[in-house]
Number of protein chains: 2
Amino acid sequence: MISDNMIRLAASNSAIRAMFEEGLRLAAEYGRENVFDFSLGNPNFPAPPEVNRALRDILEEEESTLVHGYMTNAGFPDVRDTVAASLNERFGGTFGKENIIMTAGAAGGLNIILKTLLNPGDEVIVFAPYFLEYGNYVNNYGGVIMPVHSAEPDFQPDAKLLKAAVTKKTKAVIINNPNNPTGVVYSENTIRSISEALDEKQKELGSPVYLISDEPYRELCYDGHSAVWLPNCFKNTIVCYSWSKSLSLPGERIGYLAIPPQAEDGARIAEAAAIAGRVLGFINAPSLMQRAAARCIRTSIDINCYDQNRKNLHGALTSLGFKTTYPAGAFYLWMKSPEPDEKVFVNKAKSLRLLLVPGSSFAGPGYVRIAYCVSPDMIPRSLPAFKELAGEYDLI
Amino acid sequence: MISDNMIRLAASNSAIRAMFEEGLRLAAEYGRENVFDFSLGNPNFPAPPEVNRALRDILEEEESTLVHGYMTNAGFPDVRDTVAASLNERFGGTFGKENIIMTAGAAGGLNIILKTLLNPGDEVIVFAPYFLEYGNYVNNYGGVIMPVHSAEPDFQPDAKLLKAAVTKKTKAVIINNPNNPTGVVYSENTIRSISEALDEKQKELGSPVYLISDEPYRELCYDGHSAVWLPNCFKNTIVCYSWSKSLSLPGERIGYLAIPPQAEDGARIAEAAAIAGRVLGFINAPSLMQRAAARCIRTSIDINCYDQNRKNLHGALTSLGFKTTYPAGAFYLWMKSPEPDEKVFVNKAKSLRLLLVPGSSFAGPGYVRIAYCVSPDMIPRSLPAFKELAGEYDLI
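Scope of this entry: the structure provided in the associated data block. Computed from a predicted structure; not experimentally measured.

Details of the sheet that holds strand β11 (residues 357-358) of chain B
The strands making up a sheet associate through backbone hydrogen bonding, with each pair oriented either parallel or antiparallel.
All names here are of chain B.
For step 1, the next point in the chain: Ordered by their spatial adjacency, 3 strands build an open sheet running β9-β12-β11, and the pairing between neighbours is antiparallel. Among the strands making up the open sheet, the edge pair consists of β9 (332-336) and β11.
For step 2, the next point in the chain: Pairing geometry for β9 and strand β12 (residues 367-371), over 5 bridges, is antiparallel. When the sheet's bridge partners are listed, Tyr332 is paired in β12 with Ala371.

Here is the structure:
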C-alpha cells in the first residue's frame, strides 16, 4: 500500500541496506576488529568538549520554556544574529538575522530551499560524481536533476559543460565543496569560472539561476586549502550549512540556510523558506541545539585527527600501487578501481572484509569511495587486507 | 523566483503573521502585561525537572559519538525498544522496535507517513474543524484533503458522514484526539462507530484505509477522561506521537510513529517510512532528545496547571454568558462567536487586547479558539476585557 514513489525508493535503498547487513554479518563471523568498514561518512571522533559544556550551561542558566520552546519558524533571533555576525566576521558581508534560517542539518536545509524554489519540471544541475540523495531531494518537489560530469584526474567542475547545460528550465545548481565523494576542494579558478558562466547565462536568460552550496565539510580542509566563500563570488548563492562534521553532531540535525542580502528576491526567499520548513513538518530546527551551536560558534573539531588518517591511508594505498586523488578536504578518498567494473573490485575487497562504496553510487563508475573518518587504529589494521587486494592486480 | 506553491503558502501565512505582528505592536504600545494573548498553542509551563536531569546524565554517562552520532534512520534501537515496551505496558499489544520510527515531532511524523502512503490524487479525510496545516501536509505529496464536518454542540465525528465520504481514492483518515481546536476528547462510542465504518468500507473497497492518529495531546485529558488507544479498535491505525506537550518540549522536535504489527502491509510501511524520513531530509530524529525521551518514558508534565486554567477560564466565560464547549482535553477552549461572523468578533476582542483565533482558521467558522496554555496569572488579568467584550453583546 506504499506509494509508487516509495516503492522505487525502497528498492534502490536495498543495495545500501544489503551492504550494511553484510557488514554486520562479517562482524559477527570474524569479529568487529577484523572488519574494515570504510563505507560510512559517520564521524568517529567525539564532539569537542565545548559542546557538552555549552549544553550543560544552557540547562543551568536559561529558562526551560525558552530552551525547549517554540520560537519563530526561522529559529531563535539571537542565534541567527550570532550566525550572521560570525559569517560577516569570517567572510565579510552584511548578513543580518533576516538572512539566516536555522535548519535540521544541511539535508533539511536543502529540502527547504528546493521546496521554496522549484516548480514541477524545473531543472537542477549537479556536478557528478555527486551524493545521489540530491536526486531524491530534487524529485520531492517535482524537479529534474541534470548531472554535469567532472573529469579525472582532478575532478574540478568544468564551467564550459555547466554553461552548455543551463537551459530556460534551470532553477538552480547544487555545488558541494569540499566534495563528497571525491575529497576535492574546488580551486579559486574553478569557482571564478563557474560564477562567470552563471552570470553570463543569467544575463542571457534574463532570470536568476541560484547556486545552492552544500557545505557540511566547509571546515575540513587540509594543507592550507580553504573553501572559497561563494556569496562573495556569485550573488545568487544560497549556503546550506551543517555542524554535523565541524562539531561532530551528525545525529543532532543542526545547521542553517544563509541567503545573502544581495541575492535576487532574497528577502522573499528567506521568508518563504521559513514557511516551507513549517509546511514540510520541520517546524523549527531543534531548539536546545540551536542555542548550543550559537555558544560554540568559534569552536570546531581538531581536524588533525582526520588529517592523520588521510596521510596514513593515502600514503599506504599509493605505495601499494593504487591510484587515488590526494584529497584536500572532507574525509573521503576517491580511488580508481584497478578493473573497469568497480563493483567487481568492491566485491573482491569485501571478501577481504574491506568495505568500500562503489563509485556508481555517486554517478562516478570506475572509482570507489573510501571514508577515512574512522578510528585511527583501523587504518594500520586494514593494510594487510589492502596489500592482499593489491596483490590480486598487477599494480606495481 | 519562489515556486507557485510557495507563493500561495506565503500569502495564506500572512494572516497569521499579521496577527502575530499586531500582538507585538499591542505589547509595545500597552505593555506586555496588558495584552492577553490566547492565540498560540505554545506551552507556558516548563519541562518536568526529570528532562534536564536526564539530559545532564546522558552527557555525563554516554559516549559522545553515540549520543550525538548518526544511527539507523528509524532511530536508536534501544530507544525504540523502550517506546515499544511502554506502549505494550500501557495499552497491551505486541509492539517491537521494528514498529517504531522516531520522528522530529508529530508534524515530522505526519509528513513522513503521508510521503510513504500517498500517490498524487489520493484523498485524505479529516474531521473539521481541524488544524489547517494538515491540508498543506497532504498537498506536499499531491494528495487531496476531504473535510467531513463534525456538528455542534459536542463536535464528535459523525461515522455516517465519514462512511459517505470514503471513496476508492481514500488512502487515509487523519484523526486528532484530544482535539485541536475544540478541546473535545472523542468518546468510546465515537471511536467504535468510526472503526466499524472504516472496517465496512475496507471490506467493500477491498483495500485498506489507514487511520492516522495525530496524538500530541494524548496525555492532556481531564476529569478522568482518556483518549482511546486506536490500534486496539482499528488495526490499520498509524499513531503519530509527540512529546511537545506531554514533556513541554515543542522546540525540540521529538516524537515517533507507531505502526502496529497487525496493520496491513505494516512491515513495508515501517521500512518505507524510515527511508521517507531520510529522503525528506529529516535523516533521523534529533539524537540527544531521542535518548532523553527514552529516559523520561514514564514522565509527564503535571496536567493540573492546564486543568486549573481550564476551570478558571471556562467558569469565568460561562458566567459572562459566552457559550463554550467544556473541554475534556488538550488546552483549547472552543467558544461560539456571539455574532455570525467570528472575524468581526475577533477584531472587537483585539481592540480590547484579547487575542483569539477565528474558527475559520480551522475550517470552523462561527467559533473562536482560545488557547489556555498560558501563564495562570494572565487569566484573572484578562477577565475585565472579556467582561467588556461580553457587554458589547446582550449575553446574559
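Some details on the interface of chain B and chain A
Note: interface size is frequently given as the accessible area lost on complex formation between the parts.
For step 1, the next point in the chain: The partner chain A presents 72 residues to the 72 residues of chain B that form the contact.
For step 2, the next point in the chain: Interface area for chain B against chain A, summed over the two sides, is near 5,900 Å², with a carbon-plus-sulfur share of 55%.
For step 3, the next point in the chain: Of all residues in chain B, B:Met1, B:His68 and B:Tyr70 bury the most surface against chain A, accounting for 14% of the area lost on that side.
For step 4, the next point in the chain: Taken together, the connections running from chain B to chain A amount to 2 salt bridges.
For step 5, the next point in the chain: Of the charged contacts in the structure, one is a salt bridge between B:Glu133 and A:Arg278, with a shortest N-O distance of 3.0 Å.
For step 6, the next point in the chain: Residue assignment for the side of chain B that touches chain A shows that the elements contributing at least two residues are α1 (4-30), α2 (49-61), α3 (64-67), α5 (105-117), α6 (133-140), α9 (266-279) and α10 (287-295) of chain B.
For step 7, the next point in the chain: Broken down by class, the residue content of the side of chain B that touches chain A amounts to 36 nonpolar, 22 polar and 14 charged.

With respect to unusual backbone geometry
For step 1, the next point in the chain: A cis amide bond, omega 0°, links A:Glu152 with the succeeding residue A:Pro153.
For step 2, the next point in the chain: Of note, A:Pro153 is situated in the loop between β4 (144-149) and α7 (159-165).
For step 3, the next point in the chain: Despite not being glycine, B:Ala363 shows a phi value in the positive range, around 55°.
For step 4, the next point in the chain: Following the sequence through the fold, B:Ala363 ends up in the loop between β11 and β12.

Considering the sheet that holds strand β11 (residues 357-358) of chain A
All names here are of chain A.
For step 1, the next point in the chain: Read from one edge to the other, the open sheet built from 3 strands follows the order β9-β12-β11, with strand pairing classed as antiparallel. The sheet terminates laterally at β9 (332-336) and β11, the two strands that pair on one side only.
For step 2, the next point in the chain: In terms of strand pairing, β11 meets strand β12 (residues 367-371) through 2 bridges, oriented antiparallel. Looking at β12, one finds that Val357 is bridged to Arg369.
For step 3, the next point in the chain: Helix-sheet contacts for helix α11 (residues 304-319) involve β9 and β12, and the interaxial angle to β9 is about 10°.

Things to note about the pairing of strand β3 (residues 123-128) of chain B
Residue and element names in this part refer to chain B.
For step 1, the next point in the chain: Across the 6 residues that make up β3, a large majority, 6, are buried.
For step 2, the next point in the chain: The two faces of β3 match: Glu123, Ile125 and Phe127 on one face and Val124, Val126 and Ala128 on the other face are all buried.
For step 3, the next point in the chain: Here 6 bridges tie β3 to strand β4 (residues 144-149), and the two strands are oriented parallel to one another. The partner of Ala128 across the bridge, within β4, is His149.
For step 4, the next point in the chain: The β-α-β motif built from β3, the intervening α6 and the parallel element β4 has right-handed crossover chirality.
For step 5, the next point in the chain: In this sheet, strand β5 (residues 170-176) lies alongside β3 in parallel orientation, the contact comprising 4 bridges. Of the residues in β5, the one forming a bridge with Val124 is Ala172.

Examining the pattern of salt bridges
Oppositely charged side chains can pair when the atoms bearing their charge come close.
All names here are of chain A.
For step 1, the next point in the chain: One pass over the full model with this rule turns up 41 salt bridges over all chains.
For step 2, the next point in the chain: The shortest N-O distance in the salt bridge between Arg218 and Glu219 comes to 3.9 Å.
For step 3, the next point in the chain: On the basis of relative accessibility, which here comes to 6%, the residue Arg218 falls in the buried class.
For step 4, the next point in the chain: Assessed through its relative accessible area of 18%, Glu219 is described here as buried.
For step 5, the next point in the chain: In this structure, Arg310 engages Asp223 in a salt bridge whose closest nitrogen and oxygen atoms are separated by 2.8 Å. Taken together, the residues Arg310 in helix α11 and Asp223 in the loop between β6 (210-214) and β7 (237-242) connect sequence positions 87 residues apart.

Scoring rules and cut-offs
Residues numbered from 1 in each chain as written. Chains lettered and ligands numbered in written order. Predicted model: local features only at pLDDT ≥ 70, side-chain atom pairs only at ≥ 80, totals over all residues. Heavy atoms only, no water. Pairing = 2+ DSSP bridges. Helix = DSSP H or I, 4+ residues; strand = E, 2+ residues; numbered from the N terminus. Contact = heavy atoms within 4.5 Å. Buried area = accessible area lost by both parts, 1.4 Å probe. Salt bridge = Lys/Arg side-chain N within 4 Å of Asp/Glu carboxyl O. Nonpolar A, V, L, I, M, F, W, Y, C, P; charged D, E, K, R; others polar. Axes fitted to C-alpha atoms, helices over the stretch in contact; angles between N-to-C directions. Buried < 20%, exposed > 50% of the residue type's maximum accessible area, 1.4 Å probe, protein only. Right-handed = clockwise from strand over helix to strand, strands pointing away.

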